[in-house]
Amino acid sequence: MQFFGTTWVKHDGGYALRRAAMAGGSLLTAVAAAFLLRLSYEGLEIGNVGPFLSISVVVLFAIASSIAFVKTWDSFSRRAAPSSDETALKGLKTIGFIGSLIAYFIRCFFEAPGEKLRRAEYERATVEYARRRSSRTGNPAARRPKRKK
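Draft legend 1. Looking closely at the environment of Phe110. Position of Phe110 among the secondary structure elements: in the loop between helix H5 (97-107) and helix H6 (115-134). Remark: the alpha-carbon pair of Phe110 and Arg19, spanning 91 residues in sequence, is separated by 9.4 Å.

Draft legend 2. How the structure looks around the packing of aromatic side chains. Using the criterion set out here, one finds 1 aromatic pair in the structure. Ring geometry for Phe69 against Trp73: centres 5.9 Å apart, planes inclined by 15°, an arrangement best described as stacked. Here the residue Phe69 and the residue Trp73 both occupy positions in helix H3 (residues 51-75), the gap between them amounting to 4 residues, near one helical turn. Between the NZ or CZ atom of Arg107 and the centre of the ring of Trp73, over which it lies, the distance is 4.9 Å.

Draft legend 3. Structural view of the packing of H3 against H5. Two numbers describe how H3 lies on H5: the axes approach to 7 Å, and their chain directions differ by 40°. Judged by the inter-axis angle, H3 sits oblique to H5. Considering the relative orientation of H3 and H5, their crossing is right-handed. Each of Ser65, Ala68, Phe69, Thr72 and Trp73 in H3 lies in contact with H5, whose residues at this interface are Ile98, Gly99, Ser100, Ile102, Ala103, Ile106 and Arg107.

Draft legend 4. Just H5, in detail. Within H5, burial applies to Ile98, Gly99, Ser100, Ala103, Tyr104, Phe105 and Arg107. For H5, the secondary structure elements touched by its buried residues are helix H2 (15-46), H3 and helix H4 (90-95).

Draft legend 5. Structural view of the nonpolar core. Counting residues in each nonpolar core, the largest one holds 6 residues, listed as Met22, Ala23, Phe76, Tyr104, Phe105 and Cys108. Every element with two or more residues in this core is listed here: H2 and H5.

Draft legend 6. Region of interest: the side chain of Ser26. Secondary-structure assignment places Ser26 in helix H2. Overall, the relative accessible area of 7% leaves Ser26 in the buried class. One polar contact links the side chain of Ser26 to the main-chain carbonyl oxygen of Ala23, over a distance of 3.0 Å. Once you skip the residues sitting within four places of it in the chain, Ser26 turns out to touch Leu101, Tyr104 and Phe105.

Draft legend 7. Spatial organisation of the pattern of salt bridges. Applying the stated criterion to the full structure yields 2 salt bridges. Salt-bridge contacts for Arg38 lead to Glu42; the nearest nitrogen and oxygen are separated by 3.2 Å. Of this pair, Arg38 and Glu42 are both found in helix H2, 4 residues apart, which corresponds to roughly one turn of the helix. In this structure Arg38 comes out as partly exposed when scored by relative accessible area, which is 47%. For the salt bridge of Glu128 with Arg131, the shortest nitrogen-to-oxygen distance reads 2.5 Å. Here Arg131 and Glu128 lie together in helix H6, a separation of 3 residues that amounts to about one turn. Judged by relative accessible area, which is 30%, Glu128 ranks as partly exposed.

Draft legend 8. Layout of the side chain of Ser100. Checked against the element boundaries, Ser100 lands in helix H5. With a relative accessible area of 18%, Ser100 lands in the buried category. Only 2.9 Å separates the side chain of Ser100 from the side chain of Thr72, close enough to count as a polar contact. Ignoring any residue separated from it by four or fewer positions in sequence, one finds Ser100 in contact with Ala68, Phe69, Thr72 and Lys93.

Conventions we followed
Residues numbered from 1 in each chain as written. Predicted model: local features only at pLDDT ≥ 70, side-chain atom pairs only at ≥ 80, totals over all residues. Heavy atoms only, no water. Helix = DSSP H or I, 4+ residues; strand = E, 2+ residues; numbered from the N terminus. Phe/Tyr/Trp six-rings, centres within 6.5 Å; stacked < 30°, edge-to-face > 60°. Lys NZ or Arg CZ within 6 Å of the ring centre and 35° of its normal. Axes fitted to C-alpha atoms, helices over the stretch in contact; angles between N-to-C directions. Parallel < 35°, antiparallel > 145°, perpendicular 65-115°, else oblique. Left-handed = near helix turned anticlockwise from the far one by under 90°. Contact = heavy atoms within 4.5 Å. Buried < 20%, exposed > 50% of the residue type's maximum accessible area, 1.4 Å probe, protein only. Core = buried A, V, L, I, M, F, W, Y, C linked by side-chain atoms within 4.5 Å. Polar contact = N/O pair within 3.5 Å; in protein donor to acceptor, adjacent residues only side chain to side chain. Salt bridge = Lys/Arg side-chain N within 4 Å of Asp/Glu carboxyl O.

Here is the structure:
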């Protein structure tokens, strides 16, 4: 949401263009990252490390990317609990960064990533503010002091 500022509130100020740019940027970054992983795999093949290690690296990145995709996708719709396993999975999400980038890319087609969550929080805060504001009767400093009996 940091790339959208407050344009997500009313979908103004180039919101659609920003969403398209973020989708393109995340896809381009994911493709570049996949290319770098391909180069590193070729380096393992050139180093002749053996089939077990080569297959292990591919499986590790596939599992880490799928977990990162799911966790990133879930983070767009709900906040993580303070004592959740999100901090423990931070390293795994870093390894599977391609999955996070793909989740970001797909989510940009529907909304700004995290917009649904932020919109619900924003509307809840707006209603709460209106409720608090409507119960006030004016400036308390301008009131007359109560008479003593």
